[in-house]
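What follows is the residue order along each chain.
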Amino acid sequence: MTINPLMPVYPPAPANFVEGKGARLRDDKGNEYLDFVAGIATNCLGHCNPILVDALTKQANKLWHVSNSYQTELQKELAAKWTSVTFADVVFFTNSGTEAIEACLKLTRKYHFEKGKPEKIDIIGFDGAFHGRSYGAINAAANPNYIHGFGPALPGFKQCEFGNLDALKAMINENTAGIILEPIQGEGGCRAASDEYLTELRKICDEKDILLIFDEVQSGAARSGKLFAHEWAGITPDVMAIAKGIGGGFPMGACLATENAALGMVKGVHGSTFGGNPLAMAVGSAVFEEITKPEFLDHVNQMANAVTQGLESLKDAHPELVEEVRGKGLLRGIKLKIDPQIVRSKAFENGLLVAVAGGNVLRLVPPLIITQQDVSEAIAILDKSMSAVKETL
Ligand SMILES: *Cc1c(COP(=O)(O)O)cnc(C)c1O
């Protein structure tokens, strides 16, 4: 027997998926699954959406890649689209969420450096955060599970309790450069920050010339029921990382910033070979056009209401298992009183894919194009799975 040639950093797969259409996946044995993971909040328009397939194949027949030393119109066009609907004035394209976070962190330190305050380097992050897997991202999130064994912690990163304003105020000093947070924590357990908390963060950052960095890699791209989750609070960040849903399954990310915050990001200080690649721009443009339609957000909110009702009914039906229903829009969690992997496996046996998140949370991040029927089916499978799990306790 030879060893698995893949580096074993991921859990063994329970199925080998070979095909996808909308919210449905098929494995190599012909089994069908309802997908409420969506590549972890990524396939927002479902699998193999014809609009995206068309955009990708058309571009694939024209031009795949040129160096970023030759700016393409495609990149400028998509940047203009994103700036037209957000607080941002400028966009830097990346291939992933982690790289978008790196750009946000570098931009933040460079901003203060250019303003004659090179000592302002501290980035404050929060417990339960997830920002990706680079050194910068793991230090910003400070999850011990992801840092342990990878050498000394990087200087200039601090961690605060999520939602605790007093602790945050006490931590801020003259070296604080930025505050980074997910308006709705994904991996951390689908915890949404309150509007008041976000408003207060904005105020503190304004007073002390601290850059407010939002990580909307998971909560953005219409998933919360607004284009970006921070819109619920009526405030804006200075810098924002986006990825996952903005590519609809094609790898891409972006760092968005105000002109002021990006003042240090001049020629030569940052870059990427693939970031903003024509294939990604073509798919990203098609995704943008779909998710910015007003009726698209209406649909997300209708489905979110249906999911809320469904999850509340599960809580009523299974009080022994369900502690709390969490999250916003179609970034939803059910905090369980048992290991969520048990319910997840049972749901898988019954044909439903769901994810897990920190703090015993079962995470639901379906494609945003799901139907009422999909929601009813998912809730029915969870109900059946929870009943089955109770039998075994
Ligand atoms: C997934 C995720 C990232 C990292 O994105 P990658 O594309 O995996 O690099 C960063 N922040 C949040 C909130 C995420 O959910």
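Residues numbered from 1 in each chain as written. Predicted model: local features only at pLDDT ≥ 70, side-chain atom pairs only at ≥ 80, totals over all residues. Heavy atoms only, no water.

**Notes on the overall build of the protein**
Scanning the protein from N- to C-terminus turns up 12 helices and 15 strands. Here the protein has a C-alpha radius of gyration of 21 Å; the compact-globule value for 393 residues is 21 Å, and the two agree. Counting only C-alpha atoms and orienting by the principal axes, one finds that the protein spans roughly 65 × 55 × 55 Å. A total of 393 residues make up the protein; the buried ones form 51% of that total. Restricting to contacts in the protein with at least 6 residues of sequence separation, those with at least 24 account for 73%. With 37 positive and 46 negative side-chain charges, the protein shows a separation of 2 Å between the mean positions of the two kinds. (Helix = DSSP H or I, 4+ residues; strand = E, 2+ residues; numbered from the N terminus. Rg over C-alpha atoms; globule rule 2.2 N^0.38 Å. Buried < 20%, exposed > 50% of the residue type's maximum accessible area, 1.4 Å probe, protein only. Contact = heavy atoms within 4.5 Å. Lys, Arg positive; Asp, Glu negative; His and termini not counted. Charge placed at Lys NZ, Arg CZ, Asp CG, Glu CD.)

**A few points about the sheet that holds strand E12 (residues 331-336)**
The strand order across the open sheet built from 4 strands is E11-E12-E15-E14, with neighbouring strands paired in antiparallel fashion. Every other strand in the sheet has two partners, leaving strand E11 (322-328) and strand E14 (355-357) as the edge strands with one partner each. On average, each strand axis in the sheet is inclined to that of its neighbour by 30°, with strand direction left out of account. Pairing geometry for E14 and strand E15 (residues 361-364), over 3 bridges, is antiparallel. (Pairing = 2+ DSSP bridges. Axes fitted to C-alpha atoms, helices over the stretch in contact; angles between N-to-C directions.)

**So, the pairing of E15**
Along E15, one buried face is formed by Val361 and Arg363 and the opposite face, lined by Leu362 and Leu364, is buried too. Sheet analysis places E12 next to E15, joined by 4 bridges and oriented antiparallel. Of the residues in E15, the one forming a bridge with Ile334 is Leu362. Where E14 folds back onto E15 in an antiparallel hairpin, the turn is made up of 3 residues, including Gly359, whose phi is positive at roughly 70°.

**Quick look at the state of the cysteines**
A full pass over the atoms with the stated rule returns 0 disulfides. In this model Cys160 remains outside any disulfide bridge; the closest cysteine sulfur is found in Cys205, 12 Å from its own. A disulfide-free cysteine, Cys255 has its sulfur positioned 3.8 Å from the sulfur of Cys104, the nearest such atom. (Disulfide = S-S within 2.5 Å.)

**Things to note about a nonpolar patch on the surface**
A contiguous nonpolar patch, built from Met7, Val9 and Tyr10 and spanning about 430 Å² of accessible area, is present on the exposed surface. Summarising the element assignment, Val9 is placed in the segment before strand E1 (17-21). When its relative accessible area of 58% is taken as the criterion, Val9 is described as exposed. (Patch = residues over 30% accessible without salt bridge, like charges linked within 9 Å, V, L, I, M, F, W, Y side chains within 5 Å. Areas by Shrake-Rupley, 256 points an atom, 1.4 Å probe, with all protein chains shown as cover. Salt bridge = Lys/Arg side-chain N within 4 Å of Asp/Glu carboxyl O.)

**Notes on the domain arrangement of the protein**
You can read the domains of the protein as domain 1 (17-46 + 294-392) and domain 2 (63-291). Computed from C-alpha atoms alone, the centre-to-centre distance between domain 1 and domain 2 is 27 Å. Each partner contributes to the interface: domain 1 provides 26 residues, whereas domain 2 provides 26 residues. Buried surface at the junction of domain 1 and domain 2, both sides included, amounts to about 2100 Å², of which 62% is carbon and sulfur. (Domains from an automatic or database assignment. Buried area = accessible area lost by both parts, 1.4 Å probe.)

**What to know about the pairing of E11**
Summarising the sheet, E11 and E12 pair through 6 bridges and their orientation is antiparallel. If you follow Val322 over to E12, its bridge partner there is Leu336.

**Observations concerning the packing of helix H3 (residues 73-84) against helix H9 (residues 278-291)**
Remark: H3 packs on H9, axes separated minimally by 9 Å, with the N-to-C direction vectors making an angle of 30°. On the basis of their axis angle, the class for H3 and H9 is roughly parallel. With respect to the hand of their crossing, H3 and H9 are arranged in left-handed fashion. For the pair H3 and H9, contact is made by Leu74, Gln75, Leu78, Lys81, Trp82 and Ser84 and by Pro278, Met281, Gly284, Ser285, Phe288, Glu289 and Ile291, respectively. Tallied by class, the residues present in the contact of H3 with H9 amount to 7 nonpolar, 4 polar and 2 charged. (Parallel < 35°, antiparallel > 145°, perpendicular 65-115°, else oblique. Left-handed = near helix turned anticlockwise from the far one by under 90°. Nonpolar A, V, L, I, M, F, W, Y, C, P; charged D, E, K, R; others polar.)

**Digging into the nonpolar core**
Generally speaking, nonpolar side chains in soluble globular proteins are found buried as a group. Of all hydrophobic cores here, the largest spans 79 residues; its most connected members are Trp82, Leu168, Ile179, Ile291, Ile334, Leu352 and Leu382. The element best represented in this core is helix H10 (residues 294-317), accounting for 8 residues. Domain assignment of the residues forming this core places at least three in each of domain 1 (17-46 + 294-392) and domain 2 (63-291). If sequence neighbours within four positions are ignored, Ile291 has contacts with Cys44, Leu45, Trp82, Ala221, Ala222, Leu227, Phe296 and Leu297. (Core = buried A, V, L, I, M, F, W, Y, C linked by side-chain atoms within 4.5 Å.)

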